[in-house]
Amino acid sequence: IKAKTIGDWAEQLVLKLLLDTEGTSEHVHRAAIGETPGWDIDYVDAKGVLHRVEVKGTQAAAFQNVEITANELKAAEKYGEGYELYLVARCISDTPVYQVITNPAKNLETGNWLIEPTSFRVSFVS
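Definitions and limits used
- Residues numbered from 1 in each chain as written.
- Predicted model: local features only at pLDDT ≥ 70, side-chain atom pairs only at ≥ 80, totals over all residues.
- Heavy atoms only, no water.
- 1 Å grid on protein atoms, 1.4 Å probe; cavity = no way out; pocket = protein on both sides within 12 Å on 5 of 7 lines; lining within 4 Å.
- Points joined across faces, edges and corners; volume = space filled by probe spheres on them.
- Helix = DSSP H or I, 4+ residues; strand = E, 2+ residues; numbered from the N terminus.
- Nonpolar A, V, L, I, M, F, W, Y, C, P; charged D, E, K, R; others polar.
- Buried < 20%, exposed > 50% of the residue type's maximum accessible area, 1.4 Å probe, protein only.
- Pairing = 2+ DSSP bridges.
- Right-handed = clockwise from strand over helix to strand, strands pointing away.

Caption draft 1: The layout of surface pockets, seen in detail. Considering only enclosed or pocket space, the largest pocket measures out at about 890 Å³ in volume. Surrounding the largest pocket, 29 residues form its lining, Val66, Glu67, Ile68, Ile115 and Glu116 being those nearest its centre. For the lining of the largest pocket, the secondary structure elements donating two or more residues are strand 3 (50-57), helix 2 (70-79), strand 4 (83-89) and helix 3 (104-109). Element by element, the count of residues in the lining of the largest pocket is highest for helix 2, at four residues. Residue composition of the lining of the largest pocket, grouped by class: 18 nonpolar, five polar and six charged. Elements that contribute at least two residues to the lining of the second largest pocket include exactly helix 1 (3-19), strand 3 and helix 2. For the lining of the second largest pocket, the element with the highest residue contribution is helix 1, accounting for seven residues. Its residues placed into classes, the lining of the second largest pocket shows eight nonpolar, seven polar and eight charged.

Caption draft 2: Up close: the pairing of strand 4. With seven of seven residues buried, strand 4 lies mostly within the body of the structure. With six bridges connecting them, strand 3 and strand 4 associate as parallel partners. Bridging across to strand 4, lysine 56 finds its partner in leucine 87. This β-α-β element, strand 3 to helix 2 to strand 4, shows right-handed connectivity.

Here it is, written out as structure tokens:
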């Protein structure tokens, strides 16, 4: 199954979880409307705080690592506690599991996570 299908499935699951969470409001599925601010979904919690959610999905039972874009990393660093990473494993199954990581950029700052570039954009100059 293609990565986009898995990613879309994971986003739909997370959106449903957020919609079912009492006290949340103003849910916007940015990715579904073609916006790429550095996260997929945002919502307001019961205290009126805006949360930005990046969703990553895999069909595997767990994540060994995750790839994030420069835009996602920049947003995670900028919004700190207001940025959440949802890791959804066992996508497209009857038994998905997920983990929520608030302020993922802090894990990089503290050295709990390692980051390395895995690709580079090459632009052709005429």
